[in-house]
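Structure assessment
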Amino acid sequence: MSDEPVRLPAGLALSWGVQPVQRRGPKPALSVQQIVATGIEFGDSQGFEAISLQKIAAHLGVSTNAMYRYVSSKDELIVLVTETAWGRAPRLTAEGWREGAQAWVHAQLERYSERPWLLDVPIRGAPMTPNLLSWVEVLLQVLDDTGLSQHDNLGCVLLLDGFVRSYANLARQLEASDATPVQAEEVGAFLVPRLAAGDYPMLTALYTNQEYEDGLDDDLDFGLNRILDGIQVLIDRR
């Protein structure tokens, strides 16, 4: 057995409140909480790319090297900022696993809407920090009513989480686009005769019936309900 200490992933110990051994020296001028709060402030106002040790140090009036007294690396900073920005999962009061899963999805979408920069945080494995695990725990508790195995329930969590992230990312990109309703109408007027003249009968029908530009909310409900229908099929096969 090796005598070398176990190296935990960046930010894991701090996220659980396990502080490193304090070295002798002057009293720290800052705290991890101050640094994390500043990182979240930068993310909210300027986006994910603004969350850096250099920018936070300059804002707090210290050198970048001084930041390493509190966080060991940028990776650790991002872990702690992300953990705090997500916060604890809300309590779900919906009745039944299906309504509970819908409530969980909408709660995640609300968080992404509040902090769209969370979509830019790199995914490095399964959640391991307290707040992120609370989101997994809440949905697992909801799905416990399905009677499915723990393995299948975890698969459902991954499926729903991926759906939420994909939908939220699409919504953000559409919101950032320059297209207006008038432009969309003009594009449709341009495309319809060309689609009709070409080999696009199905798309021509969609544009003609004005169904190609339906709201994104309809896409959310459609996709989410199809996933939940699939889970119900799995339940029924038990």
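Preceding block: the structure.
Per chain, the residues get numbers from 1 upward, laid out in the order the sequence is written. Given that this is a predicted model, residues contribute local features only at a pLDDT of at least 70 and side-chain atom pairs are listed and counted only at 80 or more, while totals for whole chains, interfaces and linings are drawn from all residues. The basis for every side-chain value is the complete set of non-hydrogen atoms in the structure, without hydrogens or water.

1. Observations regarding the overall build of the protein chain
Looking only at helices and strands, the protein chain features 11 helices and 0 strands. Beginning at the N terminus, the succession of helices and strands in the protein chain can be written as α-α-α-α-α-α-α-α-α-α-α. Summary of the burial criterion: residues with accessible area below 20% of their type's maximum are buried, those above 50% are exposed, and those between are partly exposed, where the area comes from a 1.4 Å probe applied to protein chains only. Within the protein chain, the fraction of its 238 residues that count as buried is 33%. In what follows, residue pairs with any heavy atoms lying within 4.5 Å of each other are defined as contacts. Summarising the internal contacts of the protein chain: among those between residues at least 6 apart in sequence, 73% fall at separations of at least 24. Put simply, the protein chain shows about 15,400 Å² of open surface, and 54% of that area lies on carbon and sulfur atoms. Runs of H or I in DSSP of at least four residues are treated as helices and runs of E of at least two as strands, each being numbered from the N terminus. All accessibility values rest on the Shrake-Rupley procedure with a 1.4 Å probe; residue burial counts only the protein chains present in the view.

2. A word on helix H6 (residues 96-114)
With 19 residues, H6 extends 27 Å between its outermost C-alpha atoms, agreeing within 8% with the 27 Å of an ideal straight helix rising 1.5 Å per residue. Along H6, the positions that sit buried rather than exposed are Trp97, Gly100, Ala101, Trp104, Val105, Ala107, Gln108, Leu109, Arg111 and Tyr112. Each residue after the first adds 1.5 Å to the expected span of a helix.

3. Remarks on the packing of aromatic side chains
Geometry of an aromatic ring pair is reported as the spacing of the ring centres plus the angle between the planes. Each pair of aromatic rings taken from Phe, Tyr and Trp, with Trp reduced to its six-membered ring, is defined by centres within 6.5 Å and is described as stacked if the planes are under 30 degrees apart, edge-to-face if over 60, and tilted in the remaining cases. Applying the stated criterion to the full structure yields 4 aromatic pairs. With centroids separated by 5.0 Å and ring planes inclined at 80°, the aromatic side chains of Trp86 and Tyr112 adopt a geometry described as edge-to-face. Of this pair, Trp86 sits in helix H5 (residues 74-86) while Tyr112 sits in helix H6, placing them 26 residues apart in sequence. Each member of the pair, Trp86 as well as Tyr112, carries the same accessibility label: buried. A centroid spacing of 6.5 Å and a plane angle of 70° characterise the contact between Trp104 and Trp135, whose relative ring orientation is edge-to-face. Note that Trp104 is positioned in helix H6 and Trp135 in helix H7 (residues 130-143), a separation of 31 residues in sequence. Exposure remark for Trp104: the relative accessible area of 2% places this residue in the buried category. By relative accessible area, Trp135 is classed as buried at 3%.

4. What about a nonpolar patch on the surface?
The grouping of Trp16, Val18 and Leu133 at the surface amounts to a nonpolar patch, some 290 Å² of accessible area in total. Its place among the elements puts Leu133 in helix H7. Patches were defined on residues exceeding 30% relative accessible area and lacking a salt bridge, with like-charge contacts within 9 Å and nonpolar side-chain contacts (Val, Leu, Ile, Met, Phe, Trp, Tyr) within 5 Å. By salt bridge we mean one thing: a side-chain nitrogen of Lys or Arg within 4 Å of a carboxyl oxygen of Asp or Glu.

5. Here we look at the nonpolar core
By nonpolar core we mean a set of buried residues, namely Ala, Val, Leu, Ile, Met, Phe, Trp, Tyr and Cys, connected to one another through side-chain atoms within 4.5 Å. Residues Trp104, Val105, Trp117, Leu139, Leu160 and Ile231 are the most contacted members of the largest nonpolar core, which totals 54 residues. For this core, the elements supplying multiple residues, two or more each, are helix H2 (32-46), helix H3 (53-60), H5, H6, H7, helix H8 (150-176) and helix H11 (216-236). In contact with Ile231, other than residues within four places in its own chain, are Trp97, Leu148 and Cys156.

6. Considering the pattern of salt bridges
Scanning all chains against the criterion turns up 6 salt bridges. Between Arg98 and Asp229 there is a salt bridge; the shortest N-O distance is 2.8 Å. One end of the pair, Arg98, is in helix H6; the other, Asp229, is in helix H11, with 131 residues separating them in the sequence. Here Arg172 ties to Asp120 by a salt bridge, and the two come within 3.0 Å at their closest N and O atoms. Highlighted residues: Arg172 in helix H8 and Asp120 in the loop between H6 and H7, separated in sequence by 52 residues.

That's the geometry; what it means functionally is another story.
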